[in-house]
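Report on the structure
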Amino acid sequence: MLRLATKVCTMDLSIVIPVYNEEESVVALCQTLDAALKPLSQHYEVLLVDDGSTDQTPVLLRELVQTYSYLRVIRFRRNFGQTAAMSAGFHHAQGEVVITLDADLQNDPADIPLLLAKMDEGVDVVSGWRKHRQDPFWSRRLPSMLANGLISRITGVALHDYGCTLKAYRRDIIKDVHLYGEMHRFIPALASWVGGRVTEVPVQHHPRRFGTSKYGLSRTVRVILDLITVKFLMRYSLGPMQMFGKIGLMFLVPALLLFALMIGTHLSFLFFGTTVGAELVKRPFWLVSATMLSFLGVQFISMGLLAEIQIRTYHESQDKRTYVIRECWPEETKGT
Ligand code: UDP
Ligand code: MG
């Protein structure tokens, strides 16, 4: 019987790049990438995710695939946004390490070895820090500084530059991450939450040479709203009642105290003729407040209960675990 020797080829590195209307940059991007990747003694692939470009980008990408054998292109039917593009890249990436960067040449592929060297130290996520960022101050750098401070504080993972796309991830960490909204920037925080080791390295940053930025100030608002979601998921996703319940009790306890006070005052007047606190009972303000507060309290507590049911449906319908395993010895145990 003829037996074919099949060599299992493992991919070391996947580069994921979201591309949206970058016709002037893609060719130069592939050239600089090629120069940066060639010296690496690694098996690599480059995934360009075309996020519904309406310019010449798709035409150029089709030609580039012929030139570079390691290049793969994923084309969206329409513009779904940078996060979705990165998410598609993550799902298709085969490398043990995944590195993301922008297509507009603002990130420098020459920094890739730097990130890989950090990964070799056993880190799970290396985040680029654009120490000398080449973007306008008022519309980009200042909002970003404030956002980074806030994100670091709220998530407890201190990084200077959450917004830098140039990052390296161990595939193990991102393979189960589902990204929504603007959430690609929070991966370091989410990774740290599941026990990943996160660090940062200063990287280069260049001014945009061609085309225009796809974003303005409005992104900051979206980032802040997503931050609330991330915080909630990190802190309360396994016990939403802990949050809603606490808020509910903050309303319900004063409401019950007020009711008790009013009833007490009434009873003491009826039985003993005491008029202490009669003012309280006479004023409708207190009655209305107590009623409102009790409604709010009950509302929040029921919301917490509903969220608890949701969480159970979420985990159990998808057979999701409430923990993340780093490794098992011997190996086979992990699958069981
Ligand atoms: N991008 C994308 N989809 C979008 C917007 C942007 O894939 O809807 C890509 C874009 O082509 C670039 C990266 O995301 O490669 C970052 O976009 P941009 O340079 O406009 O953002 P900035 O660097 O100004 O934050
Ligand atoms: Mg850019």
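Residues numbered from 1 in each chain as written. Chains lettered and ligands numbered in written order. Predicted model: local features only at pLDDT ≥ 70, side-chain atom pairs only at ≥ 80, totals over all residues. Heavy atoms only, no water.

1. Quick notes on the site of ligand 1
To be explicit about the condition: Any residue with a heavy atom lying within 4 Å of a molecule or strand is counted as near it. Counted as a polar contact is a pair of N or O atoms within 3.5 Å, where, for protein atoms, one must be capable of donating a hydrogen and the other of accepting one, and residues adjacent in sequence contribute only when both atoms are in side chains. Per-residue accessibility takes into account occlusion by the displayed protein chains alone, with areas from the Shrake-Rupley method and a 1.4 Å probe. Method remark: on a 1 Å grid restricted to protein atoms, a set of points is classed as a cavity if a 1.4 Å probe fits but cannot get out and as a pocket if it is open with protein on both sides within 12 Å along at least five of seven lines; lining residues have an atom within 4 Å of a point. Put plainly, a molecule is in a cavity or pocket when over half of its atoms are within 2 Å of the grid points there. For this classification, the nonpolar set comprises Ala, Val, Leu, Ile, Met, Phe, Trp, Tyr, Cys and Pro, the charged set comprises Asp, Glu, Lys and Arg, and every other residue, Gly included, is treated as polar.
As a matter of local geometry, ligand 1 sits amid 18 residues, with Glu 22, Asp 51, Asp 104, Ser 213 and Lys 214 nearest to it. Here a nitrogen atom of ligand 1 and a side-chain polar atom of Asp 51 are 2.6 Å apart. With respect to ligand 1, the side chain of Asp 104 contributes an N or O atom lying 2.6 Å from an oxygen atom. Across the complex, the protein chains shield 96% of the 530 Å² of accessible surface that ligand 1 would expose by itself. More than half of the atoms of ligand 1 fall within 2 Å of the grid points belonging to the second largest pocket. Residues of the shell around ligand 1, tallied by class, amount to 5 nonpolar, 5 polar and 8 charged.

2. What to know about the packing of helix H9 (residues 240-272) against helix H11 (residues 284-317)
Helix-helix packing is characterised by the crossing angle of the two axes and by the distance between the axes. To keep it simple, the criterion reads: Fitting a line to C-alpha atoms yields each axis, with helices limited to the stretch in contact; the angle taken between N-to-C directions then spans 0 to 180 degrees. Here a strand is any run of E in DSSP of at least two residues, a helix any run of H or I of at least four, and the numbering for each starts at the N terminus. Roughly parallel covers angles under 35 degrees, roughly antiparallel covers those over 145, roughly perpendicular covers 65 to 115, and oblique covers all other angles. In this scheme the crossing of two helices becomes right-handed for a clockwise turn of the near helix relative to the far one and left-handed for an anticlockwise turn of less than a right angle.
Two elements in contact, H9 and H11, have axes whose closest approach is 7 Å; the angle formed by their N-to-C orientations is 155°. It follows from the interaxial angle that H9 and H11 lie roughly antiparallel. The interaxial crossing formed by H9 with H11 has left-handed handedness. Grouping the amino acids of the contact of H9 with H11 by side-chain chemistry returns 24 nonpolar, 6 polar and 1 charged.

3. Quick word on the sheet that holds strand E7 (residues 198-203)
Stated formally: Strands were regarded as paired on the criterion that DSSP finds at least two bridges between them. Any two residues having at least one pair of non-hydrogen atoms within 4.5 Å are treated as being in contact.
Judged by pairing direction, the sheet is mixed, and its 7 strands sit side by side in the order E3-E2-E1-E4-E6-E5-E7 without closing on themselves. Two strands bound the open sheet, and with one partner strand each, they are strand E3 (71-75) and E7. Each neighbouring strand pair of the sheet contributes to a mean axis angle of 20°, computed without reference to strand direction. Of the strand pairs in this sheet, strand E4 (residues 97-100) and strand E6 (residues 167-170) are connected by 4 bridges, and their pairing is antiparallel. Paired with Val 98 across the bridge in E6 is Tyr 169. Helix H4 (residues 112-120) rests against strand E1 (13-19), E4, strand E5 (125-130), E6 and E7 of the sheet, and its axis sits at about 155° to E7.

4. Let's talk about helix H2 (residues 57-67)
As a reminder of what qualifies: Buried, partly exposed and exposed residues are distinguished by accessible area as a fraction of the type maximum, computed with a 1.4 Å probe on protein chains only: under 20%, between the cut-offs, and over 50%, respectively. The arc in question is traced by the directions running from the helix axis to the C-beta atoms.
Within H2 the residues assigned to the buried category are Thr 57, Pro 58, Leu 60, Leu 61 and Leu 64. The buried residues of H2 occupy an angular sector of 155° when the element is viewed end-on, so they sit on one face. In this structure, H2 carries Arg 62 and Gln 66 as exposed residues pointing more than 90 degrees from its buried face. Where H2 is buried, its residues contact E1, helix H1 (26-37), strand E2 (44-50) and E3.

5. Observations regarding helix H8 (residues 218-236)
Note the threshold: To estimate the expected span of a helix, subtract one from its residue number and multiply by 1.5 Å.
Given a rise of 1.5 Å per residue, 19 residues ought to cover 27 Å, and the 27 Å separating the end C-alpha atoms of H8 matches this to within 8%. Inspection of H8 places Arg 219, Val 223, Asp 226, Leu 227, Val 230, Met 234 and Tyr 236 among the buried residues, and these make up the whole buried set.

6. Comments concerning the confidence of the model for the chain
The line we're drawing: The predictor rates its confidence in each residue with pLDDT, a number between 0 and 100.
Across the chain, pLDDT averages 90, with 96% of residues at or above 70. The weakest mean pLDDT in the chain belongs to helix H10 (residues 278-282) at 73; the strongest belongs to E4 at 98. Between residues 1-7, whose pLDDT stays under 50, and residues either more than four places distant or in other chains, the model counts 0 contacts.

7. Quick word on a nonpolar patch on the surface
What counts here: Patches were defined on residues exceeding 30% relative accessible area and lacking a salt bridge, with like-charge contacts within 9 Å and nonpolar side-chain contacts (Val, Leu, Ile, Met, Phe, Trp, Tyr) within 5 Å. Throughout this description, the term salt bridge denotes a Lys or Arg side-chain nitrogen within 4 Å of a carboxyl oxygen of Asp or Glu.
Residues Ile 263, Leu 267, Leu 270, Phe 271 and Phe 272 make up a contiguous nonpolar surface patch of roughly 630 Å² in combined accessible area. Looking at where Leu 267 falls in the secondary structure, it is placed in helix H9. Accessibility expressed as a relative area gives 40% for Leu 267, which makes it partly exposed.

8. Quick word on the packing of aromatic side chains
Here is the rule: Think of it this way: a Phe, Tyr or Trp ring, Trp meaning its six-membered ring, pairs with another when their centres are within 6.5 Å, and the plane angle makes it stacked under 30 degrees, edge-to-face over 60, tilted otherwise. Here, a charge over a ring means that NZ of Lys or CZ of Arg falls within 6 Å of the ring centre while also lying within 35 degrees of the ring normal.
Applying the stated criterion to the full structure yields 9 aromatic pairs. Here Tyr 44 and Tyr 70 contribute two aromatic rings whose centre-to-centre distance is 5.1 Å and whose plane-to-plane angle is 70°, an arrangement assigned as edge-to-face. Here the residue Tyr 44 occupies a position in strand E2, and Tyr 70 occupies one in the loop between H2 and E3, the gap between them amounting to 26 residues. Residue class for Tyr 44 comes out buried when judged on its relative accessible area of 13%. The buried category is assigned to Tyr 70, whose relative accessible area is 15%. Joined through ring pairs, the aromatic side chains of Tyr 44, Tyr 68 and Tyr 70 make up one cluster. The ring of Phe 80 carries the charged tip of Arg 78 above its face, separated from the ring centre by 4.0 Å. The positively charged end of Arg 219 is found above the aromatic ring belonging to Tyr 215, 3.9 Å away from the centroid.

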